[in-house]
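# Architecture at a glance
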Amino acid sequence: MSVATPTKPASETQPASSKRRPRPQPSWQQARTSRFEFWRRGDAFVWLSAGATGFALLLILGVLYLIAAGGLGYFWPAEIVQVETTDGKTYLGEIWERQEMPEDIASVPGEHRIRIRAANRRLNGDGEFVWIPESQIENTSTPHGVVLLEREEYGNFIGYVADYQVDGAVVARDDAALEKLTERIGPLSDLRAEILGLARGDVGKINDAMTHAKEEIRGLESKGVTEQSPEVQRQRTRLTELEADYRDISGQIDRLRTELQRETVGLRTGDGRETRVAAGDVYRIVQPNDIGFLGEAKVYFGRFWTFISASPREANLEGGILPAIFGTVMMTLLMTVAVVPLGVIAGLYLREYARQGRLVRVVRIAVNNLAGVPSIVFGIFGLGFFVYFAGAHIDQLFFSNRLPNPTFGTGGILWSALTLALLTIPVVIVATEEGLAAVPRAVREGSLALGASKWETTWKVVLPAASPGILTGVILAISRAAGEVAPLMLTGAVKIATLLPMDSSAPFLHLERKFMHLGFHIYDLGFQSPNVEAAKPMVYMTTFLLVVIVVLLNLSAMWIRNRLWSRYRSSSF
Amino acid sequence: MDRYARRKALDIGARRTITGGGLFIIASILAMLAFLVFETLPLWRGPRTEPQELTLELSRPVLIDSNEYREVLFGVSANGHARAWSSDGTSLIDEPLAALGNEHVTVATRTENGIWWLGTDNASVLPVQFDDGGYFEGSERRYRPSVEELGIAHVDSVGSIVEISGIADDDLMLCATLLSDDSVRILRREIEESLLGGRTVTDRVFSVPLPGGVRPTAVSLLGDGRTLYVGTNVGSLLEWALSEDGVEQTGNYQTEASAPVTSLGTLLGGSSLVVGNETGDLNIWFRAPTESGDLRLIRAHEFENLEGEILGSSPSLRNRSFLVWDATGRIDVCFGTTSQTRARLDAGSEIVTAVLSPKSDGILAVLKDGEIRSWAFDDPHPEVTMKTLFGKTHYERFAKPEFKWQSTGGTDEAEPKLSLIPLIFGSLKGTLYAMLFSAPIAILAALYTSVFMRPRLRAIVKPTMELMATIPSVVLGLLAGLWLAPRLQSGMPILLMTGLVLPALILLAGAVHVYLPANLRQKMRPGTEPIALLPILVLGVAVMLGMNGAFDGMFQGGFLHWLYEEHGIRYDQRNALVVGIAMGLAVIPIIFSVSEDALSAVPRHLTAGSLALGASPWQTAWRVILPAASPGIFSALMIGFGRAVGETMIILMATGNTPILDWSLFNGFRTLSANIAVEIPEAPHGDSLYRVLFVSALLLFCFTLIVNTSAEIVSTRLRKRYSRF
């Protein structure tokens with residue numbers, strides 16, 4: 001019996017199984033004779049156990065609700081309120097939460113306070129959030145015309161647009177300025193994308209080529225080739241050319257950056273302080289108090305799209321989680337590529353080719369038990385074996401030019417994928433075995449009787465029949481891998497990976513690179529972030545996404561299993 | 001080749017590939033265990049020593065040392081010549097130490113920063129520093145060694161120095177000397193660097209007033225430069241506190257033996273005192289707090305006796321190892337923390353001085369006849385023994401031996417404390433609370449779902465629970481740490497009440513249901529009680545939460561304050577209770593699912609028989625079905641247990657990860673699994689800590705293997721048992 005409960009025989013988890021073995025309607029309540037026997041007959045305990053079931057369901061629903069509510073709500077543009085306090089201060093921001101004051105600072109017992117997300121991180125110092133005791137609130141209103149700007153640095157800005165300048169000259173004020181900004185945001189973001197493309201793509205390629213040339217030179221030197229030899233000279237010339245290219249491109253980037261900084265927006269906060277921001281640094285303009293439901297929905301989906309399609313900014317607090325999604329998917333795919341053939345071959349061997357005896361039984365128990373071994377144990381094994389042992393040897397053999405900088409001798413996506421493959425291989429083996437065992441004997445015998453060899457029977461008859469079972473196992477393995485974090489922390493998941501493990505520079509697939517992962521992202525943002533409160537929206541949203549992925553994977557596994565079951569039932573002949 | 005032969009070849013090929021591949025895959029999975037074991041093996045390997053050929057000519061050497069890579073050797077002869085050789089014996093420098101003039105060097109001692117204090121026959125002391133002047137020529141290391149004299153000073157006008165001990169920091173140098181006229185004198189050198197780069201050096205000499213009746217035989221300064229110990233001819237240790245302007249005697253301790261103390265030295269970190277005496281007894285003493293809170297010197301470690309009078313000791317600059325040598329020519333390499341004698345060398349004749357190389361990978365010794373001997377020494381993991389991992393160890397500054405995990409300190413000199421007991425304890429504590437929370441709920445729910453629930457409802461509830469088992473633990477950890485922990489802190493008393501109130505509420509609902517008129521009662525279909533109870537439970541929790549403030553007010557200053565004031569229980573926000581609930585949530589679906597399967601597998605005729613004999617449904621469920629399925633439920637509990645023991649992310653996120661031994665529900669703990677995740681980034685490959693983490697991984701592996709196998713065996717028995725019917 002494995003810990004991963006879904007791997008047990010299909011019939012046990014099969015909802016339809018009750019049809020197979022009809023269970024008479026429980027009659028315990030009808031049989032009740034006397035009200036006074038509530039205790040003696042134990043009906044009270046039935047209620048208690050019903051309560052336990054209800055409680056367990058409540059817990060589960062509660063968890064799902066928390067994740068959904070926590071994650072889904074944050075992107076909806078909240079109303080911006082203006083709070084005026086008795087001491088004459090004005091605060092503008094979203095109401096974040098309301099709670100009872102801690103006893104030691106409450107002026108009246110039972111007093112409540114509200115927490116406002118006033119944003120404006122640089123202007124307000126680090127205090128993005130403000131607590132205001134309710135007793136000090138004089139007036140609350142939701143003013144029109146308030147804007148929330150999502151900007152490149154320092155998080156959001158909440159306040160008013162005062163003017164719009166180009167090269168230092170005011171071209172528009174107030175509402176006109178806001179309009180101008182709204183209109184310019186599109187072209188400016190194209191410009192920003194262009195800069196990013198140059199910086200990531202072209203500069204990246206030049207860097208790669210330069211590193212390569214330097215490695216070549218080092219390699220040649222270590223072989224004893226002198227500085228004057230033609231090979232070294234050729235690489236040197238290449239380096240000089242690349243440096244010139246680099247200067248070209250960085251000049252181009254600088255020009256574009258200046259272009260981007262030409263247009264600026266003057267901003268005014270709720271209490272009248274002023275600041276400026278480059279129009280090119282504004283990502284999105286929201287007027288939460290003026291746009292109505294449809295407008296809010298538009299902002300919501302816009303934000304959601306940014307979340308799943310953009311790279312993180314500002315220590316992962318802003319922007320999106322595309323690299324984490326990409327890393328998770330890619331690592332899982334790599335793992336699948338590794339685990340499927342290995343697991344299927346091992347399962348085939350155990351069920352079809354090995355002589356069924358005591359030894360195979362022991363091996364089967366061992367493999368099953370492996371599924372119950374804590375994932376961190378796989379993690380430390382992956383670190384010790386893949387990273388420090390295999391990786392170090394690969395480096396010595398193939399990447400000695402780069403030493404002492406490790407290439408494969410450090411955590412990377414390949415090692416993470418292999419570690420998880422080891423972790424999930426019992427799931428696939430067990431599922432394959434079960435799938436094979438469920439293929440009726442008559443089917444095999446029929447094939448053999450028609451003159452097919454054992455391999456032909458296996459390949460053309462048994463494996464296709466068992467394939468839904470195997471697929472179920474694979475999906476369960478994927479879902480386990482997608483949610484596993486502990487082993488990845490040791491073998492290559494990182495907080496921020498500037499380079500994706502797949503890009504346009506040769507050899508396109510960079511298996512040695514570190515990667516970002518949804519699960520690790522949750523851990524890192526929620527517990528290692530300098531500003532946990534501000535990180536909450538991202539954390540909950542990432543959690544929601546991860547849970548959705550894992551649940552969908554499992555549902556599809558269940559669905560396939562159900563189909564598999566009905567198929568076998570109908571194949572009785 | 002005809003078609004038949006090709007098919008046959010293919011068949012054989014496939015058979016071989018699958019058999020070979022299958023065996024290989026299974027073997028490599030099992031090889032994982034072998035690898036884990038393999039990584040821990042070096043921990044148990046003893047030290048290796050190997051004599052090395054070394055011919056250096058030096059007349060009457062008083063000190064010998066080497067550079068970090070053991071490629072340059074340094075020495076000073078009695079007549080004050082400083083020498084350096086390369087490892088093949090080529091002389092690199094040979095120059096007289098100018099400050100010494102005609103004085104002869106009598107004793108020398110090395111400080112923790114590698115500076116040597118020399119003492120002369122004319123009561124002067126001279127700190128010297130050797131520098132190998134290493135540089136790279138291509139990929140080869142070359143040396144231009146030099147020796148720097150750091151300023152001579154006189155501690156007395158006349159007299160020969162017989163024992164010396166010293167420290168040398170950037171701003172303070174201290175040297176304690178024992179002179180041939182039995183006086184003890186201290187040189188205090190304060191160095192002030194002005195902002196302009198000038199240096200002012202002030203030397204002061206203090207005479208240590210000795211009590212009458214005893215003769216000083218050894219001296220040693222502790223590393224903090226504030227305490228001086230003097231060993232006497234009656235076996236006592238005298239303690240002085242040193243300050244900027246004098247000395248003050250603060251203690252007088254008698255060792256067990258009355259034999260004269262012949263050697264005093266310190267260990268790395270400068271707080272342990274290595275005490276050797278004339279009969280060969282070797283002990284480590286250090287200062288530890290007594291019950292009243294003040295520090296007293298206590299004897300902490302006792303080592304194997306040496307054969308003759310102990311002449312001296314010298315600490316490693318790497319760890320708590322030290323060398324100690326006696327008059328018969330024996331050198332012991334001991335490890336302070338574990339009271340172990342790691343290795344024993346025989347030099348053949350009396351030893352003048354001996355030293356461990358800076359990386360503790362070599363031993364150099366000077367014999368009485370002037371010969372210099374060298375050994376290669378390899379002892380990578382002296383701090384790890386079965387006893388340090390699983391037993392109590394007496395660490396520096398502790399009053400008694402303790403279980404302690406503290407792998408790294410703020411400084412290099414910190415003593416690693418590697419007891420796995422607090423971690424094993426943490427694993428068990430977390431698991432226990434999680435099981436206490438989850439087992440009753442999961443088993444009762446499984447019983448209800450299997451026996452009483454309507455099949456159509458069951459077809460929804462069971463997959464839902466199973467889906468829950470697949471929710472990643474990082475998600476549960478996040479909710480536990482960020483959402484639950486702060487709320488529990490404010491809602492603590494109500495939560496404790498909920499455990500009583502909710503069952504009462506459920507019973508009340510049941511009782512009310514019994515008294516409902518029959519037509520109303522029948523509206524609720526039997527087997528759907530949990531759904532009917534859901535709103536009641538939600539309402540119950542909501543009402544309780546609403547009452548929280550009032551309830552909290554019943555305690556003086558709030559519940560948590562009251563807990564601390566009245567019972568001295570400290571409340572950590574991330575504690576065992578949070579983990580119990582979160583990890584309980586992770587194991588409820590597992591226990592539920594496996595026990596539900598076992599309960600549903602109980603043959604119908606047992607139930608039918610029991611009901612036919614007049615037992616009520618609950619009596620049947622409790623006395624017939626549950627016992628019949630008990631092996632399956634045991635196996636469910638075991639599997640849940642195994643999962644909880646190895647859980648990492650929830651623990652990492654929902655406890656403070658403090659390795660303490662305390663059963664309290666309200667403080668944190670650290671488990672074996674979380675410890676691996678926390679420590680491995682700090683553990684260099686091949687280091688002791690790295691290997692100890694592999695030991696803990698191996699423990700987890702074996703533990704879950706045992707638990708899962710026992711579950712497997714029990715459930716196989718169960719299947720056999722039913723096959724009888």
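Residues numbered from 1 in each chain as written. Chains lettered and ligands numbered in written order. Predicted model: local features only at pLDDT ≥ 70, side-chain atom pairs only at ≥ 80, totals over all residues.

## Here's the deal with the overall build of chain A
To be explicit about the condition: A helix here means a DSSP run of H or I that spans at least four residues, while a strand means a run of E at least two residues long, and both kinds are numbered starting from the N terminus. Radius of gyration means the value over C-alpha atoms here, while the globule rule gives 2.2 Å times the residue count to the 0.38 power. Buried, partly exposed and exposed are defined by the number of other C-beta atoms within 10 Å of a residue's own C-beta, namely 20 or more, between the two limits, and 12 or fewer respectively, with C-beta atoms placed from the backbone. By definition, residue pairs are in contact when their C-beta atoms, positioned from the backbone, come within 7 Å.
Along chain A, the regular secondary structure elements total 15 helices and 13 strands. For chain A, the C-alpha radius of gyration of 31 Å lies well beyond 25 Å, the compact-globule estimate for 573 residues. In terms of overall dimensions, chain A has a C-alpha envelope of 100 × 90 × 45 Å along the principal axes. Scored against the burial criterion, the 573 residues of chain A give a buried share of 40%. Long-range contacts, defined as pairs at least 24 residues apart, comprise 69% of the intrachain contacts of chain A with a sequence gap of at least 6.

## Topic: the overall build of chain B
Along its length, chain B carries 15 helices and 33 strands. Scaling as 2.2 N^0.38, a compact globule of 725 residues should have a C-alpha radius of gyration of about 27 Å, whereas chain B reaches 36 Å, well beyond that. In terms of overall dimensions, chain B has C-alpha extents of about 120 × 95 × 55 Å along its principal axes. Across chain B, contacts joining residues at least 24 apart in sequence account for 59% of those joining residues at least 6 apart.

## Quick look at helix α14 (residues 672–679) of chain B
Of all eight residues making up α14 of chain B, six are buried, and the element is well covered by its neighbours. What α14 of chain B keeps buried is the set Leu672, Ser673, Ala674, Asn675, Ile676 and Ala677 of chain B.

## Observations concerning the interface of chain A and chain B
As a reminder of what qualifies: All residues other than Ala, Val, Leu, Ile, Met, Phe, Trp, Tyr, Cys, Pro, Asp, Glu, Lys and Arg, Gly among them, are scored as polar; the first ten of these are nonpolar and the last four charged.
Counting from both sides, the interface comprises 90 residues of chain A and, opposite them, 102 residues of chain B. Among the residues forming the side of chain A that touches chain B, the class breakdown is 60 nonpolar, 22 polar and eight charged.

## Side note on the packing of helix α4 (residues 455–469) of chain B against helix α9 (residues 576–600) of chain B
Residue and element names in this part refer to chain B. Applied cut-off: Simply put, an axis is a line fit to the C-alpha atoms, just over the touching stretch for a helix, and the angle between two N-to-C directions goes from 0 to 180 degrees. When describing relative orientation, an angle under 35 degrees is termed roughly parallel and one over 145 degrees roughly antiparallel, while 65 to 115 degrees is termed roughly perpendicular and anything else oblique. A clockwise turn of the near helix away from the far one marks a right-handed crossing, whereas an anticlockwise turn of less than a right angle marks a left-handed crossing.
The contact between α4 and α9 brings their axes to 8 Å, and the two run at 135 degrees. On the basis of their axis angle, the class for α4 and α9 is oblique. At the point where α4 passes α9, the crossing takes the left-handed sense. Residues Lys462, Met465, Glu466, Met468 and Ala469 of α4 form the contact with α9, whose participating residues are Pro589, Ile590, Phe592, Ser593 and Glu596.

## Focus on the domain arrangement of chain A
We count it as follows: Each domain's limits were defined by an automated method or a database of domain assignments.
Domains assigned within chain A are domain 1 (80–143), domain 2 (164–280) and domain 3 (322–517). Averaged C-alpha coordinates put domain 2 of chain A and domain 3 of chain A at centres separated by 41 Å.

## Re the confidence of the model for chain A
The condition is simple: The quantity called pLDDT is the predictor's confidence in a given residue, expressed from 0 to 100.
Considering every residue of chain A, the mean pLDDT works out to 81; 90% of them sit at 70 or more. Here residues 1–33 of chain A is a poorly scored stretch, pLDDT under 50, and it has 62 contacts once near neighbours within four places are set aside; other chains count.

## Focus: the nonpolar core
Worth spelling out the cut-off: Each nonpolar core consists of buried Ala, Val, Leu, Ile, Met, Phe, Trp, Tyr and Cys residues. Their C-beta atoms, within 7 Å, join them into a set.
Formed by 202 residues in total, the largest nonpolar core has its most connected members in Ile380 of chain A together with Ala480, Val579, Ala582, Ile591 and Ile650 of chain B. Not counting residues within four places of it along the chain, the set of residues in contact with Ile591 of chain B comprises Ser438, Ala439, Ala442, Ile443, Ala636, Leu637 and Gly640 of chain B. Within the second largest apolar cluster, 87 residues are counted, among which are Val155, Cys175, Leu228 and Leu238 of chain B.

## Here's the deal with the sheet that holds strand β5 (residues 91–96) of chain B
Residues and elements named next belong to chain B. Definition in use: When DSSP finds two or more bridges between a pair of strands, those strands are recorded as paired.
A sheet is described by the order of its strands in space; here four strands give the open sequence β2-β3-β4-β5, paired in antiparallel fashion. Because the sheet does not close on itself, it has two edges, and the strands there are β2 (61–66) and β5. Between one strand axis and the next, the sheet turns by 15 degrees as a mean value, whatever way the strands run.

## Comments concerning the sheet that holds strand β1 (residues 80–85) of chain A
Residue and element names in this part refer to chain A. Across the sheet, five strands lie side by side as β4-β3-β2-β1-β5; this open sheet has antiparallel pairing. Only two strands of the sheet have a single neighbouring strand rather than two, namely β4 (129–133) and β5 (137–141). In this sheet, neighbouring strand axes are inclined to one another by 45 degrees on average, regardless of whether the strands run parallel or antiparallel. Two elements, strand β2 (residues 90–100) and strand β3 (residues 112–117), share six bridges in a ladder whose sense is antiparallel. Residue pairing for β3: Glu94 is matched across the bridge by Arg117.

## What about the environment of Ile363 of chain B?
All names here are of chain B. Within the secondary structure layout, Ile363 lies in strand β30 (residues 362–367). Judged by the 24 C-beta atoms lying within 10 Å of it, Ile363 is buried. Sequence separation of Ile363 and Glu302 is 61 residues, and the distance between their C-alpha atoms is 23 Å. Ignoring anything within four residues of it in the chain, the contact list for Ile363 reads Leu323, Ile331, Leu345, Ala354, Leu356, Trp375 and Phe377.

## Describing helix α4 (residues 174–222) of chain A
Residues and elements named next belong to chain A. Put simply, the rule reads: One fewer than the residue count of a helix, multiplied by 1.5 Å, yields its expected span. Fitting one axis to the seven residues ending at a residue and another to the seven starting there, the bend at that residue is the angle between the two axes.
In this model, α4 (49 residues) spans 66 Å end to end at C-alpha, consistent with the 72 Å of a helix rising 1.5 Å per residue. Maximum bend of α4: about 40 degrees, positioned at Ile185, with proline Pro187 one to four residues after it. Along α4, the positions that sit buried rather than exposed are Ala177, Leu178, Lys180, Leu181, Leu188, Ile206 and Ile217. Contacts from the buried residues of α4 go to β6 (147–151), β7 (156–166), β8 (169–173), α5 (230–261), β9 (263–268) and β11 (282–286). The first or second residue beyond α4 is Gly224, which carries a positive phi of 95 degrees.

## Some points on unusual backbone geometry
Phi at Asp167 of chain A is positive, roughly 50 degrees, even though this residue is not glycine. Here Asp167 of chain A is to be found in the loop between β7 and β8.

## Side note on the packing of helix α11 (residues 441–449) of chain A against helix α12 (residues 454–483) of chain A
Residues and elements named next belong to chain A. Between α11 and α12, the shortest axis-to-axis distance is 10 Å and the interhelical angle comes to 160 degrees. It follows that α11 is roughly antiparallel to α12 by the angle criterion. Crossing of α11 over α12 shows right-handed handedness. Along its contact with α11, which presents Val443, Arg444, Ser447 and Leu448, the element α12 presents Thr457, Val461, Val462 and Ala465.

## Concerning the environment of Leu488 of chain B
Residue and element names in this part refer to chain B. You can see Leu488 is positioned in helix α5 (residues 473–515). According to the C-beta neighbour criterion, Leu488 is buried, with 20 such atoms within 10 Å. It is 61 Å that separates the C-alpha atoms of Leu488 and Glu50, two residues lying 438 residues apart in sequence. Discounting residues that sit within four places of it in the chain, Leu488 has contacts with Leu495, Leu577 and Val578.

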